[in-house]
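Remarks on the overall topology
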Amino acid sequence: MIIVIDFGSQFNQLIARRVRENGVYCQVEPSGISVEKIKAMNPVGIILSGGPSSIYEENSPTIDTSIFELGIPVLGICYGMHFMVHALGGTIRRADKREYGFAQLTVKEERPLFTDMGNSFQCWMSHGDSAEELPPDFVVTASTENTKIAAIANHTKRFYGLQLHPEVEHSVNGSLMIHHFLFDVCACEKNWNMKSFSDGAIAQIKSAVGNKKVIMGLSGGVDSSVAATLIHKAIGKNLHCIFVDNGLLRENEKENLEKSLTAKLDLNIKFVDAREKFLTALKGVTDPETKRKIIGKHFIDVFDTEAKKIDGAEFLGQGTLYPDIIESKSAFGGPTSIIKSHHNVGGLPEKMNLKLIEPLQLLFKDEVRKLGLTLGINEELIWRQPFPGPGLAIRIMGEITEERLNILRKADTVLLEEIRAAGYYKKLWQSFAVLLPIKSVGVMGDKRTFANCIAIRAVTSNDAMTADWAKLPHDLLGKISNRIINEVDKINRVVFDITSKPPGTIEWE
Ligand code: XMP
């Protein structure tokens, strides 16, 4: 295994991910970890992550410097390299200007990290400090125009430092540098995969939960389904799932969940029909934020009421992914951090007083999909496009009524059928229908109509932070429009949304 020491970089999970992509087990540990604990974990290599601090700053993160006496190879990245240089007797200089962005790296010593990469290529930098004097027995192995000491090595001790960030996609050959560190320096074995991840996670959940109970909200989406499957494999009937029908779901949502998840797993699942409660609370509400607040509050109320009926529940399971918590700087990884004291991802109130189980918190969406397939969840569920918590409420502009919900459900079903049939479903981040608050004039069968308008929203994206409107073929758009107008009563016009994000958002409210 490889240990990544977390010095606070927002990229530290990306480092872990690059290691995992190479089939090597990896854990991110806080910098306060003791050397005894590191020894007990028996890593074959240590990576010191970057971080926002400067080495001479008060309270900048440190790790016990006896890690350099363990005989284990160390790779320091950015702040991690500065820490190593400083700890081993070199000096760091505070630069006047931050170097941020692309730089051209010139290689001076190819082996081991830059093997087979050529002499010069682009890398990505983000630093204020630089190494000025090297510790004894270190050599410079690469530089850039602004940074003379951009990579260093002590070959005897197998200590390496990179000022650049090999973990980010913009660093050409970055993954390969990590590959060389893992296999040429640390002699790692390629024996980690989703199966070993799930075996490990199941064992951790078992030992943490014992014979206590876990409750969990199931939405029918990928993340909560994969998390529930994993937890169920660990504790079986002690997992109690709650599915809340808030009346804002798409057509056949409950049936689809039953078909694709519960049919295979003997899940303890309670379906709660709270449609009336939500729709009554939303009556007459048109403001988007007010809608969201009402839905959030009622969800928590319903969930809390149901949770209290389950005697002795001590844990709350959640399908939180790494990007969901990227902002909340906590200690990731490690055998115990799968369970954390309550933090508010998901917005559940403190009063529930439950400990969190978040077995997917180290993973990215594509890794969760791979894990889901390994666990035997069917492809249809695994490739589902995201669906927001507030559901169709934020896709109906203006007031939400039963009638308008039914119109939107039908239009959305037609749209998704056509998107699937044309082979676009998996290629799009999301595709859905929006019901607009306006009516327009039309003519159908020689009769004047004055009816509703549907907007088609289809976007491509990697992470929903930015998105582009999908360039769907005109004949597909034509077919969707025809079918919606012919098959959905009270619709006489369909428009296509050609706004990217930013400046638009993906959802309309
Ligand atoms: P926006 O509209 O902000 O959406 O561009 C970005 C992504 O987030 C989803 N979304 C939500 N998901 N609860 C959720 O679980 C919400 O309240 C929520 N609002 C937006 C949206 O579908 C898109 O994928």
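These notes cover the structure that comes with them. Remember, predicted model here, so these are calculated numbers, not experimental data.

This paragraph deals with the nonpolar core. Ranked by internal contacts, the top residues of the largest apolar core, which has 50 residues, are Ile215, Ile454, Ile484 and Ile491. Among the elements that line this core, the one with the most residues is helix α12 (residues 402-421), at 8 residues. Both of domain 2 (194-382) and domain 3 (401-496) provide at least three residues apiece to this core. When neighbours within four sequence positions are excluded, isoleucine 215 is seen to be in contact with His240, Phe303, Ala307, Ile310, Ala313, Phe315, Leu316, Gly317, Met352 and Leu354. Grouped together as the second largest cluster of nonpolar side chains are 37 residues, Ile205, Val209, Ala234 and Leu363 included.

In the region of the ligand, the neighbouring residues are Arg292, Pro388, Gly389, Pro390, Trp429, Gln430, Ala464, Lys501, Thr505, Ile506 and Glu507. The side chain of tryptophan 429 places a nitrogen or oxygen atom 3.3 Å from an oxygen atom of the ligand. Interatomic distance of 2.8 Å between a side-chain N/O atom of glutamine 430 and an oxygen atom of the ligand. When the residues that make up the shell around the ligand are grouped by side-chain class, the tally is 5 nonpolar, 3 polar and 3 charged.

The next thing to look at is the packing of α12 against helix α13 (residues 474-487). The axes of two packed helices give the description: the angle between them and the distance between them. Relative to each other, α12 and α13 sit at 150°, their axes nearing to 9 Å. Taken together, the axes of α12 and α13 lie roughly antiparallel to each other. In the crossing of α12 with α13, the sense of the turn from one axis to the other is right-handed. Contact with α12, carried on its side by Ala411, Val414, Leu415, Glu417, Glu418 and Ile419, involves Leu476, Lys479, Ile480, Arg483, Ile484 and Glu487 of α13 and no other residues of that element. Split by residue class, the contact of α12 with α13 holds 7 nonpolar, no polar and 5 charged.

Let us look at the pairing of strand β13 (residues 313-317). Most of β13 is tucked away, with 4 of its 5 residues classed as buried. Bridging between strand β10 (residues 213-217) and β13 involves 4 bridges; their strand directions are parallel. Its bridge partner being in β13, isoleucine 215 is matched across the sheet by leucine 316. Note that β13 and strand β15 (residues 355-357) share 3 bridges and pair parallel. Along β15, the bridge assignment pairs phenylalanine 315 with lysine 355.

What the rule picks out here adds up to 10 aromatic pairs. Measuring from centroid to centroid gives 5.9 Å for tryptophan 469 and phenylalanine 496, while their planes differ by 75°, and the two rings are edge-to-face. You can see tryptophan 469 sitting in strand β18 (residues 468-469) and its partner phenylalanine 496 sitting in strand β19 (residues 491-496), a full 27 residues away along the chain. Judged by its relative accessible area of 24%, tryptophan 469 falls in the partly exposed class. The class of phenylalanine 496 is partly exposed, set by a relative accessible area of 23%.

The next thing to look at is α13. With 14 residues, α13 ought to run about 20 Å at 1.5 Å a step, and its terminal C-alpha atoms sit 20 Å apart, in line with that. For α13, the set of buried residues is Leu476, Leu477, Ile480, Ser481, Arg483, Ile484 and Ile485. Contact partners of the buried residues in α13: α12, β16 (430-444), β17 (447-460) and β19.

A few words on the packing of helix α5 (residues 194-209) against helix α10 (residues 365-374). Axis separation between α5 and α10 bottoms out at 9 Å; the angle between their running directions is 80°. With respect to their mutual orientation, α5 and α10 come out roughly perpendicular. On α10, the residues touching Met194, Lys195, Phe197 and Ser198 of α5 are Glu367, Lys370, Leu371 and Thr374.

With that settled, consider α5. For α5, built from 16 residues, the straight-helix expectation of 22 Å at 1.5 Å per residue is met to within 8% by its first-to-last C-alpha distance of 22 Å. The set of residues buried in α5 consists of Met194, Phe197, Ser198, Ala201, Ile202, Ile205 and Val209. The buried residues of α5 occupy one face: seen down the axis, they fall within an arc of 130°. Looking at the buried residues of α5, the elements they touch are β10, α6 (222-235), β13, β15 and α10. N-capping of α5 is provided by asparagine 193, with a side-chain oxygen placed 3.0 Å from the backbone N of lysine 195.

What counts and how
- Residues numbered from 1 in each chain as written.
- Predicted model: local features only at pLDDT ≥ 70, side-chain atom pairs only at ≥ 80, totals over all residues.
- Heavy atoms only, no water.
- Core = buried A, V, L, I, M, F, W, Y, C linked by side-chain atoms within 4.5 Å.
- Buried < 20%, exposed > 50% of the residue type's maximum accessible area, 1.4 Å probe, protein only.
- Helix = DSSP H or I, 4+ residues; strand = E, 2+ residues; numbered from the N terminus.
- Domains from an automatic or database assignment.
- Contact = heavy atoms within 4.5 Å.
- Near = heavy atom within 4 Å.
- Polar contact = N/O pair within 3.5 Å; in protein donor to acceptor, adjacent residues only side chain to side chain.
- Nonpolar A, V, L, I, M, F, W, Y, C, P; charged D, E, K, R; others polar.
- Axes fitted to C-alpha atoms, helices over the stretch in contact; angles between N-to-C directions.
- Parallel < 35°, antiparallel > 145°, perpendicular 65-115°, else oblique.
- Left-handed = near helix turned anticlockwise from the far one by under 90°.
- Pairing = 2+ DSSP bridges.
- Phe/Tyr/Trp six-rings, centres within 6.5 Å; stacked < 30°, edge-to-face > 60°.
- Expected span 1.5 Å × (residues − 1).
- Arc of directions from axis to C-beta.

As far as function goes, none of this settles anything; it's purely spatial.
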